[in-house]
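Remarks on the overall topology
Next come the chains, spelled out residue by residue.
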Amino acid sequence: MEMDGLVEPDTFDLIVLGTGLPESILAAAAANAGHSVLHLDHLDFYGAHWTSLSFSQFRSWAGSGGSFAPPPILANSSFADECEESPLSTASSGNLLGTACDLRADDETGAGADHPDGKGNDVSGTTIAESDKAGNEETESARPGDQREIGLEVVEVDYENHLYSDVRLKDIEGVDLGASRFYNLDLAGPRLTFCGSQLVNLLLRSGASNYVEFKGVEATYMWTGTVLSAVPSSRADVFKDKSLSLSDKRFLMRFFKLVTDHANAEGAEISREILESPFVEFMRLQNLPTSMQSYRAAPIGGHDFCGGLCASSPVLSVDFVSIILYAIALVDTDQDSKDSSTLLKTEDGFRKLTLYLSSVGRFSNAPTAFLYPLYGQGELPQAFCRSAAVNGSLYVLRRPIKALIVDKECNEYRGVQTLTGQHLYSKKLIMGPSVVPKREQEGGLLPLAKEENGSVQKPGDESSKKPALLSSSEGPHTKVARYVCITDKSLFEGQTTLLVIFPPKLISENHSTVVRALQLSSAASVCPDGKFVLQLSTLCSDASDGHEILKAAIDILLSRPGEGTLVSSEANEEFLPAPKPKILWSVYFKQALHTDARKLARPGLAMFDMPDGALDCEGILSSTEKVYREFFPQTEFFKKAPPPEEKETEEVESEDVETE
């Protein structure tokens, strides 16, 4: 709690700076294990760079060039007041028209046992707090004679406001977009979650599933150069495909069985040499069908919507190997590249394909392998923050820090100094990407040597290795280009939530990364009825022009007035003309993948980078769990909840004892 503007107590097992998704997951895991956690954020909302904003908030952000200025420290605001425009309070209101995926109700693994707090209970009264100190006056918190201050000095820090660049906002006059509050626009989209992912399992195990619900993605399409072809979402879809022979279908089933048998340690053993080889080479050796024409396709009729950038493709078919690589394994880069460092290994390909197969059919209301959280991706960090709060974590928004506290003798972090001057102590710090060095420090604080595994070590100490920076976006790409627009109709009539994949080099021979587009609607509670939100992204470098690539993808999907496309009619399999959606409002921007936070690397501190360019969160979760296990090796990363039957039995036994 806070007293007179001070946080009390002032010593914690873990201090977390920033409420992005990885920071929030780690805070929830530490609180779940019984550790004391202080979670600070200089902003006045949860999610940081993973947040979802209302239309007015997103437009204001874009209008400022992509900057989040720290808000003033406000007085006596409640948690409910703070989230007045946030979907947080409505996310747990129940299923939307019966279409939402309730993880606890649908999951059959038993991991979703009821959380002790129950769904929808307000936990803000005791653990969620804000700064109640008006102004930026410094408060003297270090008590006279406090032994903890001996041998300590500070590393001044600042907040990075240049993580977004080339922001292009386009308003269209005379367009009625509806009420701002009905929009929840993701800052780090597009992003989806596998039904069988570790993220879903952690939501269930932590109790965070009490505070978030999902909408199932209805379909996935892949661009072939001339066709938007539907990707089979299950074994049944493969068998319905009319372009594959019966022998091809049986061969695919045997391939899927080979993958699942390996995952279950069954069948013939696959050598380590093969598992380390590129997955694309392994699949081609399996003689998978070279092409297939989906049972539902949308050829682009005669128009060069690519502006001359599209690669020629004379056939209306899609390579099945490409489907597995880019639509199932979700690989980001060209797998025909000569750069072996960018190629997916066979072992990782098996893992991804197994994850996809296990995701299909896990939840009754999810037609494909993917889920999207109702009210936007910003609901995920908020759900984990609520879970952490239930377990005793202290949350303080609008509380910037001024410096990191360092032990001069061992050069390790010992806490933070807030802008109000208070010292808060912990030997373990987690930091989001917004905190960067204010200036180069003079004397005493030497930079530490970077290890190959991403850790750092103290000078002269070969054995001391602590996590410094955890990122799932290492590689030649330094930025991700993102595009968010509002349209007037769906890409495909009757479908509200769908994913489109543009494989590498099919939009431009010079662009070697995947372009992804995600369409959302009011069914996902991200916009008003009758409007649709389209998110696109692709990895790029400082020199490359992601805008031209995303514009080419948009030109394929959307149209100017008078243009049209052709869509299939399942009744007679003839192609009928249909109007294409129109852009009503749009924002393009580039987001940095890394920040100068790396310069603060030092034992006792783990840092997370900006949201990566991946579609899923598997890499982020892997990095988060790695940090947790290095910081807290003696405790489990989210304790498993007992199965419902076991819990009921324990309650009955307890009642019997009381009766006796």
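Residues numbered from 1 in each chain as written. Predicted model: local features only at pLDDT ≥ 70, side-chain atom pairs only at ≥ 80, totals over all residues. Heavy atoms only, no water.

With an unreviewed UniProt entry as reference, the protein is termed Rab escort protein 1, source organism Marchantia polymorpha subsp. ruderalis. UniProt annotates the protein under Subcellular location (unreviewed entry) with the comment "Cytoplasm, Cytosol". The record in UniProt for the protein states the following under Sequence similarities (unreviewed entry): "Belongs to the Rab GDI family." (UniProt positions renumbered as here; feature names shortened; annotations may be inferred.)

This part takes up the overall build of the protein. The secondary structure content of the protein amounts to 15 helices and 34 strands. Residues classed as buried in the protein amount to 57% of the 660 residues present. The long-range share in the protein, meaning contacts at least 24 apart out of those at least 6 apart in sequence, stands at 79%. Element-wise, carbon and sulfur atoms account for 49% of the exposed surface of the protein, whose accessible area totals about 27,300 Å². (Helix = DSSP H or I, 4+ residues; strand = E, 2+ residues; numbered from the N terminus. Buried < 20%, exposed > 50% of the residue type's maximum accessible area, 1.4 Å probe, protein only. Contact = heavy atoms within 4.5 Å. Areas by Shrake-Rupley, 256 points an atom, 1.4 Å probe, with all protein chains shown as cover.)

Turning to the pattern of salt bridges, a few remarks are in order. The full count for this structure, using the stated rule, is 18 salt bridges. Here Lys257 makes a salt bridge to Asp261, at a shortest N to O gap of 2.8 Å. Taken as a pair, Lys257 and Asp261 lie in helix α7 (residues 246–263) at a separation of four residues, close to a single helical turn. Where Asp407 meets Arg414, a salt bridge forms, and the shortest distance between an N and an O atom there is 3.9 Å. Here Asp407 and Arg414 have matching classes, each one buried. Each of Arg272, Glu276, Lys345 and Glu347 takes part in salt bridges that share partners, so that together they form one network. (Salt bridge = Lys/Arg side-chain N within 4 Å of Asp/Glu carboxyl O.)

What follows is about the nonpolar core. In summary, soluble globular proteins display a tendency toward joint burial of nonpolar side chains. Of all hydrophobic cores here, the largest spans 68 residues; its most connected members are Phe58, Trp61, Phe255 and Phe279. In terms of residues, this core owes the most to one element, helix α10 (residues 320–328), which gives eight residues. In terms of domain composition, this core takes at least three residues from each of domain 1 (14–71 + 151–166 + 376–439 + 595–631) and domain 2 (235–289 + 315–359). Counting residues in each nonpolar core, the second largest holds 46 residues, with Leu202, Ala606, Cys617 and Phe632 among its members. (Core = buried A, V, L, I, M, F, W, Y, C linked by side-chain atoms within 4.5 Å. Domains from an automatic or database assignment.)

Attention now goes to empty space enclosed by the protein. To find the voids left in a structure, one rolls a probe of water-molecule size over its atoms. Counted according to the given criterion, the structure contains seven cavities of 30 Å³ or more. Around the largest cavity, the lining is made up of 16 residues, and of these Leu17, Gly18, Asp41, His42 and Ser434 lie nearest the centre. Residue composition of the lining of the largest cavity, grouped by class: eight nonpolar, five polar and three charged. (1 Å grid on protein atoms, 1.4 Å probe; cavity = no way out; pocket = protein on both sides within 12 Å on 5 of 7 lines; lining within 4 Å. Points joined across faces, edges and corners; volume = space filled by probe spheres on them. Nonpolar A, V, L, I, M, F, W, Y, C, P; charged D, E, K, R; others polar.)

In this section: the sheet that holds strand β8 (residues 152–159). With antiparallel pairing, the five strands of this open sheet are ordered in space as β20-β19-β18-β8-β22. Where the open sheet ends on each side, the last strands, each with one partner, are β20 (423–425) and β22 (435–437). Strand-to-strand twist in this sheet, taken as the mean axis angle between neighbours without regard to direction, amounts to 40°. Relative to β20, strand β19 (residues 412–418) runs antiparallel, the two being bridged by three bridges. Among the inter-strand pairings, Val416 is bridged to a residue of β20, identified as Leu424. (Pairing = 2+ DSSP bridges. Axes fitted to C-alpha atoms, helices over the stretch in contact; angles between N-to-C directions.)

Our next topic: unusual backbone geometry. Cis geometry marks the peptide bond from Glu8 to Pro9, where omega comes out at 0°. Mapped onto the fold, Pro9 is located in the loop between β2 (6–7) and β3 (14–17). In this model, Gly189 is joined to Pro190 through a cis peptide bond whose omega is 0°. With respect to the element layout, Pro190 can be found in the loop between β10 (185–186) and β11 (193–194). In this model, Arg398 sits at a positive phi of 55°, which is unusual for a non-glycine residue. Along the chain, Arg398 turns up in the loop between β17 (394–397) and β18 (401–407). For Arg398, a relative accessible area of 6% corresponds to the buried category.

Taken N-terminus to C-terminus, the directions of helix α1 (residues 21–32) and helix α14 (residues 618–631) make an angle of 40°; their axes are 10 Å apart at the nearest point. As judged from the angle between their axes, α1 and α14 are oblique. For the pair α1 and α14, the crossing hand works out as right-handed. Counted together, Pro22, Ile25, Leu26, Ala29 and Ala30 of α1 and Ile620, Leu621, Thr624, Val627 and Tyr628 of α14 form the full contact between these two elements. (Parallel < 35°, antiparallel > 145°, perpendicular 65-115°, else oblique. Left-handed = near helix turned anticlockwise from the far one by under 90°.)

Time to look at the environment of Pro528. Among the structural elements, Pro528 can be located in the loop between β29 (515–521) and β30 (532–540). The class of Pro528 is buried, set by a relative accessible area of 12%.

Below, the discussion takes up the packing of α1 against helix α12 (residues 379–390). Remark: α1 packs on α12, axes separated minimally by 8 Å, with the N-to-C direction vectors making an angle of 20°. In terms of orientation, α1 lies roughly parallel with respect to α12. Viewed along their axes, α1 and α12 form a crossing whose handedness is left-handed. Contacts between α1 and α12 involve Leu21, Ser24, Ile25, Ala27, Ala28 and Ala31 from the former and Leu380, Pro381, Phe384, Cys385 and Ala388 from the latter. Residue composition of the contact of α1 with α12, by class: 10 nonpolar, one polar and no charged.

Turning our eyes to something else, we now look at the packing of aromatic side chains. For the structure on display, the rule yields 22 aromatic pairs. Here Phe255 and Phe256 contribute two aromatic rings whose centre-to-centre distance is 6.2 Å and whose plane-to-plane angle is 50°, an arrangement assigned as tilted. Summarising the burial analysis for this pair, Phe255 and Phe256 share the class buried. Taken together, the aromatic side chains of Phe55, Phe58, Trp61, Tyr164, Tyr183, Trp585 and Phe589 make up a single cluster linked through ring pairs. Across the ring face of Phe182, the terminal group of Arg181 is positioned such that the distance to the ring centre comes to 4.7 Å. The cationic tip of Arg386 hangs over the ring face of Tyr211; the distance from NZ or CZ to the ring centre is 6.0 Å. (Phe/Tyr/Trp six-rings, centres within 6.5 Å; stacked < 30°, edge-to-face > 60°. Lys NZ or Arg CZ within 6 Å of the ring centre and 35° of its normal.)

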